[in-house]
Number of protein chains: 2
Amino acid sequence: MELFSDAYFMNEAFKQAKLAFEEEEIPVGAVIVCRNKIIARAYNQTEKLTDATAHAEMIAITAAANALGAKYLPECKLYVTLEPCVMCAGASFWSQLGELHYGASDPKRGFSLIQERILHPKTKVTKGLMAKESKNLLDEFFKKLRN
Amino acid sequence: MELFSDAYFMNEAFKQAKLAFEEEEIPVGAVIVCRNKIIARAYNQTEKLTDATAHAEMIAITAAANALGAKYLPECKLYVTLEPCVMCAGASFWSQLGELHYGASDPKRGFSLIQERILHPKTKVTKGLMAKESKNLLDEFFKKLRN
């Protein structure tokens, strides 16, 4: 079995962010990986679904649970282009997510602004993969929105 | 039009919690009220849906947005029997919830443990309605679970 890298999976998440961008959604994308296989792909759909909670991570976590038929995701890795907000970080807590990899930091609404433990204590975190590309896509989106 | 009280709506949320209890779900219930009318009722369904994110508040917020065809809920009041966790508080932030009324406090995972602003700045908060009944139902549930 070919083993994929974190960079590969983050690029897959980034492709999801680009799909969001094309559909005029805030461009954030996510994939969830279990045993080296992508079991969920999602992008922000708050506009399409008229649901302020339809963040990429929320959709991906629910989809991953459905795919596995399991409520908890301790063997799963979430790759997301933007630092999760507290809602999504809270969702990752409840699902006992194994690993969180995020790209761009979110200095306004990112969970890491909150000092307390929001993530599950067993969730490993990495950040920075495709951070620049992910942030640029967001900047481009909001620049376009303002014009 | 008959005007209902906060106590009435919290009791409706409590009925939802009892439904959860009967279905062996952690007993938390919620309703969302818009202009004196309940537009969403929900209870925790993490077991039934095999989805750790399927908290009463998440389901209710999405259902309310669907009912209104609107992403934001500034004129809505959420009544929930237990203090929301950070995920649900985050969801209420994104939906710009007008009022949050919760019953029992959650000293372990309640959003108010977190000092930073998680709720939307415009969301008014009250707590304590049916707190005892709501907590008792939870205590009974976990006592039953342990036996």
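Calculation notes
Residues numbered from 1 in each chain as written. Chains lettered and ligands numbered in written order. Predicted model: local features only at pLDDT ≥ 70, side-chain atom pairs only at ≥ 80, totals over all residues. Heavy atoms only, no water. UniProt positions renumbered as here; feature names shortened; annotations may be inferred. Helix = DSSP H or I, 4+ residues; strand = E, 2+ residues; numbered from the N terminus. Rg over C-alpha atoms; globule rule 2.2 N^0.38 Å. Contact = heavy atoms within 4.5 Å. Areas by Shrake-Rupley, 256 points an atom, 1.4 Å probe, with all protein chains shown as cover. Least-squares fit on C-alpha atoms with pLDDT ≥ 70 in both. Salt bridge = Lys/Arg side-chain N within 4 Å of Asp/Glu carboxyl O. Buried < 20%, exposed > 50% of the residue type's maximum accessible area, 1.4 Å probe, protein only. Expected span 1.5 Å × (residues − 1). Core = buried A, V, L, I, M, F, W, Y, C linked by side-chain atoms within 4.5 Å. Patch = residues over 30% accessible without salt bridge, like charges linked within 9 Å, V, L, I, M, F, W, Y side chains within 5 Å.

- Looking at an unreviewed UniProt entry, chain A carries the name tRNA-specific adenosine deaminase, with the source organism given as Cecembia rubra.
- As recorded by UniProt, the Subunit (unreviewed entry) comment attached to chain A reads in full: "Homodimer."
- Per UniProt, chain A carries the Sequence similarities (unreviewed entry) text "Belongs to the cytidine and deoxycytidylate deaminase family."

**A look at the overall build of chain A**
Step number 1: In terms of helices and strands, chain A carries four helices and five strands.
Step number 2: Ordered by position from the N terminus, the helices and strands of chain A form the series α-β-β-α-β-α-β-β-α.
Step number 3: Relative to the compact-globule value of 15 Å for 147 residues, chain A shows a C-alpha radius of gyration of 14 Å, a close match.
Step number 4: The C-alpha extent of chain A, read off along each of the three principal axes, is 45 × 40 × 30 Å.
Step number 5: The long-range share in chain A, meaning contacts at least 24 apart out of those at least 6 apart in sequence, stands at 60%.
Step number 6: Carbon and sulfur atoms form 53% of the exposed surface of chain A, whose accessible area is close to 7,100 Å².

**A closer look at the relation of the copies chain A and chain B**
Step number 1: Once chain A has been moved 0.0 Å along the axis and rotated by 180 degrees, it coincides with chain B to within an RMSD of 0.0 Å. Such values leave the two copies arranged in the relation of a two-fold axis. Across chain A, the rotation axis passes nearest the C-alpha of Met87(A), at a separation of 1.8 Å.
Step number 2: Residue by residue, 100% of the interface of chain A is reproduced at the interface of chain B, so both copies engage with the same surface.

**Structural notes on the pattern of salt bridges**
As a working rule, side chains carrying opposite charge can pair if their charged atoms are close by.
Residue and element names in this part refer to chain A.
Step number 1: Under the criterion given, the structure shown has ten salt bridges over all chains.
Step number 2: Between Lys48 and Glu23 there is a salt bridge whose closest N-O contact spans 2.9 Å. One end of the pair, Lys48, is in the loop between β2 (37-43) and α2 (56-68); the other, Glu23, is in the loop between α1 (6-22) and β1 (29-34), with 25 residues separating them in the sequence.
Step number 3: Accessibility expressed as a relative area gives 47% for Lys48, which makes it partly exposed.
Step number 4: The partner of Glu75 in a salt bridge is Arg35, and the shortest N-O contact between them spans 3.0 Å. On the criterion of sequence distance, the pair formed by Glu75 in the loop between α2 and β3 (76-82) and Arg35 in the loop between β1 and β2 is long-range, its members being 40 residues apart.
Step number 5: For Glu75, a relative accessible area of 47% gives the class partly exposed.
Step number 6: By relative accessible area, Arg35 is classed as exposed at 63%.
Step number 7: Because the salt bridges share partners, they merge into one network encompassing Glu12, Lys15 and Arg41.

**Description of helix α2 (residues 56-68) of chain B**
Step number 1: The end-to-end C-alpha distance of α2(B) is 18 Å, a good match for the 18 Å that 13 residues give at a rise of 1.5 Å each.
Step number 2: All of the buried residues in α2(B) are Ala56(B), Glu57(B), Met58(B), Ala60(B), Ile61(B), Ala64(B) and Ala65(B).
Step number 3: Buried residues along α2(B) sit in contact with α2 and α3 (86-94) of chain A together with β1 (29-34), β2 (37-43), β3 (76-82) and α3 (86-94) of chain B.
Step number 4: Backbone geometry just downstream of α2(B) places Gly69(B) in the positive-phi region, at approximately 65 degrees.

**A look at unusual backbone geometry**
Step number 1: Unusually for a residue other than glycine, Arg35(B) sits at a positive phi of about 50 degrees.
Step number 2: Look at Gln96(B): it is not a glycine, yet its phi comes out positive at around 55 degrees.

**Observations concerning the nonpolar core**
Step number 1: Ile32(A), Met87(A), Ile32(B) and Met87(B) are the most contacted members of the largest nonpolar core, which totals 58 residues.
Step number 2: Residue contacts for Ile32(B): discarding those within four places in its chain leaves Lys37(B), Ile38(B), Ile39(B), Ala40(B), Ala60(B), Ile61(B), Ala64(B), Cys76(B), Lys77(B) and Leu78(B).

**Some remarks on a nonpolar patch on the surface**
All names here are of chain A.
Step number 1: Taken together, the side chains of Ile26, Phe142 and Leu145 define a hydrophobic patch exposed on the protein surface, amounting to about 260 Å² of accessible area.
Step number 2: Looking at where Leu145 falls in the secondary structure, it is placed in helix α4 (residues 131-146).
Step number 3: Overall, the relative accessible area of 57% leaves Leu145 in the exposed class.

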